[in-house]
There are 2 protein chains.
Amino acid sequence: MNFLEERIKRDGIVKPGNVLKVDSFLNHQMDVHLMDQMGEEFKRRFADKPINKVLTIEASGIAIACSVARCLNVPMVFAKKSKSINIEGEMYVAEVESFTHKNTNQVIVSKKFLTPEDHVLIIDDFLANGCALQGLISIVEAAGATVEGLGIAIEKGFQIGGRVIRNLGYRLESLAIVDGMDAETGEIIFREQECVE
Amino acid sequence: MNFLEERIKRDGIVKPGNVLKVDSFLNHQMDVHLMDQMGEEFKRRFADKPINKVLTIEASGIAIACSVARCLNVPMVFAKKSKSINIEGEMYVAEVESFTHKNTNQVIVSKKFLTPEDHVLIIDDFLANGCALQGLISIVEAAGATVEGLGIAIEKGFQIGGRVIRNLGYRLESLAIVDGMDAETGEIIFREQECVE
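Before going into details, it helps to say that this report is about the structure given with it.

1. Notes on the pattern of salt bridges
- As enumerated under the stated definition, the model contains 34 salt bridges over all chains in all.
- Taking the shortest distance from any N to any O, the salt bridge between Arg45 of chain A and Glu41 of chain A comes out at 2.7 Å. Pair noted here: Arg45 of chain A and Glu41 of chain A are both in helix H2 (residues 32-45), with a separation of 4 residues, about one helical turn. Each member of the pair, Arg45 of chain A as well as Glu41 of chain A, is classed as buried.
- Here Arg45 of chain B and Glu173 of chain B are joined by a salt bridge, their closest N and O atoms 2.8 Å apart. With a gap of 128 residues between them, Arg45 of chain B in helix H2 (residues 32-45) and Glu173 of chain B in strand S10 (residues 172-181) connect regions that are remote in the sequence.

In structure tokens, the structure reads:
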């Protein structure tokens, strides 16, 4: 197990309905040193890519994306979720339909901060159905920029998002892929991946 | 001028209606090194306080709060904005009325992450009328924890928020206090403060 899998095993809580709560260290209370470990690991995994910008989406992706951007020494941009456009000026907008909530939200990024010269690493904390990530990919493509890859902290391997994004040909690296959970025993089954310190 | 005032003068854009746009480095695209400079400066300013937790509110406060938490070597918690409660379990809720938008939002923090033993530094990117900060203060007080201080990147000194919080007796440190702006000339007037490198 790598450092994130170990932390999930120690502090994650499995709830009925395939819910994995990691709010004590990842998406409500944040362990900043864990963020930095993730930043270093994404830097290592995407070392062959000429990344000059990190893109994430508010809110819980921001902390990890900041650590990645610090490690790569590049700026970070976070997309905003909105029901109505409230950023002045020209922007890229993706209409994102949520599988879970059966509604549509807008994901927006100012055109000032994505150009055809950009080589973008997309970062987020969770990947399940991948709706938000699909919106981020479409925004990078609309800008004429290059998606160099996607880095996720925790992928729910039993949901569709990871498969869709890999099928589309994108390089997707998830630090922990959860293939199953048992709310009664608390057991979490991780997909075997390349061993990482 | 300190480093943040210089950056605001260089890259901030003054718009009519006392709007200061800093989205190229602070709240849409983020300069991570600037975040770290702010983290170090808040650490210096609150060096006399026994802070063991940093609290902010989603979304644009998260990056600065992470840098402060890293410098102080403590965890960071971010409060969630919600129209309806969606965090399972017990939580602290503040009903926050917006002066600007004339509506009410909920600010929520899980009770697991604030206890009477906590000594909290509240961090945010902007202070204008202070509605969100007042909600964060009320949550810390409700938890029986101690507000050791509040650290803000940019305070609009001509709006009421800073005065209210200082009048309540809280230690409030704003790295840049904007006392006036001129959208025609682009001039920004900063309040004179202790000189900082």
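So that's the structure; there's more coming.
2. Concerning the relation of the copies chain A and chain B
- Expressed as a screw operation, the relation of chain A to chain B combines 0.0 Å of axial shift with a rotation of 180°, fitting to an RMSD of 0.0 Å. The transformation relating the two chain copies, once decomposed into turn and shift, fits a two-fold axis. Taking the C-alpha atom as reference, chain A places Ala59 of chain A closest to the rotation axis, 2.6 Å from it.
- A share of 100% of the interface residues of chain A reappears at the interface of chain B, consistent with the copies meeting face to face through the same patch.

3. A short note on the environment of Asn105 of chain B
All names here are of chain B.
- Within the secondary structure, Asn105 sits in strand S7 (residues 104-110).
- The partly exposed category is assigned to Asn105, whose relative accessible area is 26%.
- Here the alpha-carbon distance between Asn105 and Cys131, two residues 26 residues apart in the chain, equals 10.0 Å.

4. Remarks on the packing of H2 of chain A against helix H3 (residues 61-72) of chain A
All names here are of chain A.
- Relative to each other, H2 and H3 sit at 55°, their axes nearing to 8 Å. Judged by the inter-axis angle, H2 sits oblique to H3. Of the two elements, H2 crosses H3, and the hand of that crossing is right-handed. Packed against H2, whose contacting residues are Met35, Asp36, Met38, Gly39, Glu40, Phe42 and Lys43, the element H3 presents Ala63, Ile64, Ser67, Val68, Arg70, Cys71 and Leu72 at the interface.

5. Some details on the environment of Ile154 of chain A
Residue and element names in this part refer to chain A.
- As for its placement among the helices and strands, Ile154 is situated in strand S9 (residues 146-156).
- Classification of Ile154 as buried rests on a relative accessible area of 0%.
- Among residues more than four places away in sequence, those in contact with Ile154 are Leu4, Ile8, Leu20, Val22, Leu26, Asp125, Phe126, Leu127, Ala176 and Val178.

6. Observations regarding helix H4 (residues 131-142) of chain B
Residue and element names in this part refer to chain B.
- Here H4 contains 12 residues, and its C-alpha end-to-end distance of 17 Å stays within 8% of the 16 Å for a straight helix at 1.5 Å per residue.
- Along H4, the residues classified as buried are Cys131, Leu133, Gly135, Leu136, Ile137, Ile139 and Val140.
- Of the residues trailing H4, Gly144 is marked for its positive phi of about 75°.

7. Brief notes about the side chain of Arg70 of chain B
- Here Arg70 of chain B lies in helix H3 (residues 61-72).
- Residue contacts for Arg70 of chain B: discarding those within four places in its chain leaves Val32, Asp36, Ser67 and Arg70 of chain A together with Asp36 of chain B.

Conventions and cut-offs
- Residues numbered from 1 in each chain as written.
- Chains lettered and ligands numbered in written order.
- Predicted model: local features only at pLDDT ≥ 70, side-chain atom pairs only at ≥ 80, totals over all residues.
- Heavy atoms only, no water.
- Salt bridge = Lys/Arg side-chain N within 4 Å of Asp/Glu carboxyl O.
- Helix = DSSP H or I, 4+ residues; strand = E, 2+ residues; numbered from the N terminus.
- Buried < 20%, exposed > 50% of the residue type's maximum accessible area, 1.4 Å probe, protein only.
- Least-squares fit on C-alpha atoms with pLDDT ≥ 70 in both.
- Contact = heavy atoms within 4.5 Å.
- Axes fitted to C-alpha atoms, helices over the stretch in contact; angles between N-to-C directions.
- Parallel < 35°, antiparallel > 145°, perpendicular 65-115°, else oblique.
- Left-handed = near helix turned anticlockwise from the far one by under 90°.
- Expected span 1.5 Å × (residues − 1).

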